[in-house]
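Architecture at a glance
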Amino acid sequence: MSRAGKTKFQIDLRRHLREHYVNENLTHLICEIAEASKYIIHSISTGDLGVAGTSNLYGEKQLELDVLADRILRKRLDHSRVVANMMSEEMDEIIPVSPDCDGKYSVAFDPLDGSSLVDVNLAVGTIVSIFEGCDLLQPGRRQVAAVYVLYGPRTTLVYSVGKGVHEFGMNMLREYTLLQENITLEPQGSLYSPGGQRNLYTPGVEAFVTKLEDRGVKLRYSGGFVPDINQILLKGQGIFFYPHLKKQPQGKLRLLFELSPMAFLIEQAGGAASDGRQPILDLQPTQIHERSPVFIGCKKDVALAEEYIRKFEDGKGEVAEKKAKP
Ligand code: AHG
Ligand code: MN
Ligand code: MN
């Protein structure tokens, strides 16, 4: 399909998916997620910021917005005719939508990540992981697509179907048009986004952060996973981590609908994502709400974190650059 006469900004999401020979059902699914985001934006800008009076499986108080965003996405996916199973941060278990798996997809999503930031007007997002067929408990490497929507000063959508990472912006007509495609990361970065509490960092992570700071790397942390990852992706460099902590060996972030989709996108951009010892995308989930530590961003920075964890926590091997010095 030629782009003759078209500028980037006239390439909308559906056209871009078609240009990348994405099949009709997956194209429809990703466009339905984009459509749902328009209603989520509306709920963020006008919705009740209050507490819903319920809590999710983690015992976290659900905000009205969490529940509303979840309902918007769930309804869209339910009626899409291309979803087999779905689950979200706000659901206790997997919701079956259609018994037959052929040509259908299973979707795990965080309807509103960072929702507690809305009442202080900071950026939040929606994160979606897509597998072919009925099984959601697969290693993230088997995802066929990952999408996030960032509700910030501008609303943007980033997706990959395994053929590069591409960013779209919402225009005046509330259509998503191409901003940039085939986004890539540098091997090493100059910003870091440290989650959790420094006083609870384990020796390897503490040494890793000190190393970054000695290198003059700048701290950038908003408390929202989607804007924090988006910053690394669009600046083309940096590392985010929410590590294993002294009292939280699994860290905080959830594998299925936060880490796997972001790891898919970052690896597609030439970066890396690890739990501190192995790639996030190789982790085999055993239950839908499991958490994992995460180090995600520039390849060299992720590898350095793994080396410090190995050296200071597993007692194995020397940190590479130490060996490099004469
Ligand atoms: P959610 O709002 O979906 O529960 O996710 C919040 C997550 C993520 O957005 C962010 O990276 C992390 O919480 C921040 O945690 P801390 O507030 O502990 O830094
Ligand atoms: Mn979240
Ligand atoms: Mn959430």
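Note that the structure is predicted; figures quoted are calculated from it, not measured.

From N to C terminus, the protein includes 8 helices and 15 strands. The C-alpha radius of gyration computed for the protein amounts to 19 Å, which stays within 12% of the reference 20 Å derived for 326 residues, consistent with globular compactness. Considering only C-alpha atoms, the protein reaches an extent of 60 × 50 × 40 Å along its principal axes. Counting over 326 residues, the protein shows a buried share of 56%. Here the protein has roughly 14,100 Å² of accessible surface; of this, 51% comes from carbon and sulfur atoms.

Attention now moves to the coordination of the manganese ion (ligand 2). Looking at the metal site, the manganese ion (ligand 2) is ligated by Asp-110 (OD), Asp-113 (OD) and Glu-258 (OE), spaced 1.8 to 2.1 Å from it. Here the donor residues for the manganese ion (ligand 2) map to a single chain with the spacing D-x2-D-x144-E. Here the manganese ion (ligand 2) and the manganese ion (ligand 3) are spaced 3.5 Å apart, with Asp-110 acting as a shared donor. Highlighted residues: Asp-113 in strand E5 (residues 105-113) and Glu-258 in helix H6 (residues 255-268), separated in sequence by 145 residues.

Time to look at the coordination of the manganese ion (ligand 3). Protein coordination of the manganese ion (ligand 3) is provided by Glu-89 (OE), Asp-110 (OD) and Leu-112 (O), with donor distances spanning 2.1 to 2.6 Å. Donor residues binding the manganese ion (ligand 3) come from one chain and are separated in sequence as E-x20-D-x1-L.

Under the domain assignment, the protein is made up of domain 1 (9-180) and domain 2 (191-312). Here the C-alpha centroids of domain 1 and domain 2 sit 22 Å apart. Facing 45 residues of domain 1, the contacting portion of domain 2 comprises 32 residues. Both sides of the domain 1 and domain 2 interface together cover about 3,000 Å² of buried area, and 64% of this is carbon and sulfur. When residues of domain 1 are sorted by the area they lose upon contact with domain 2, Leu-137, Arg-141 and Tyr-148 head the list and together hold 22% of the total.

Once that is clear, we can look at the packing of aromatic side chains. The geometry of an aromatic ring pair is captured by the separation of the ring centres together with the interplanar angle, meaning the angle of the planes. Inspection of every chain in the model, using the stated rule, returns 9 aromatic pairs. Between Phe-241 and Phe-295 the ring centres are 5.9 Å apart and the planes differ by 15 degrees, which places this aromatic pair in the stacked class. Remark: Phe-295 occurs in strand E15 (residues 294-297) and Phe-241 occurs in strand E13 (residues 239-242); sequence separation between them is 54 residues. Here the two residues Phe-241 and Phe-295 agree in accessibility, since each one is buried. Three or more aromatic residues joined by ring pairs make a cluster, and in this case those are Tyr-192, Tyr-201, Phe-208, Phe-241 and Phe-295. For the cation-ring pair, Lys-311 lies above Phe-312, with the distance from its terminal atom to the ring centre recorded as 4.4 Å.

What counts, and at which threshold
- Residues numbered from 1 in each chain as written.
- Chains lettered and ligands numbered in written order.
- Predicted model: local features only at pLDDT ≥ 70, side-chain atom pairs only at ≥ 80, totals over all residues.
- Heavy atoms only, no water.
- Helix = DSSP H or I, 4+ residues; strand = E, 2+ residues; numbered from the N terminus.
- Rg over C-alpha atoms; globule rule 2.2 N^0.38 Å.
- Buried < 20%, exposed > 50% of the residue type's maximum accessible area, 1.4 Å probe, protein only.
- Areas by Shrake-Rupley, 256 points an atom, 1.4 Å probe, with all protein chains shown as cover.
- Donors = N, O, S within 2.8 Å, 3.2 Å for Na, K, Ca; no water.
- Domains from an automatic or database assignment.
- Contact = heavy atoms within 4.5 Å.
- Buried area = accessible area lost by both parts, 1.4 Å probe.
- Phe/Tyr/Trp six-rings, centres within 6.5 Å; stacked < 30°, edge-to-face > 60°.
- Lys NZ or Arg CZ within 6 Å of the ring centre and 35° of its normal.

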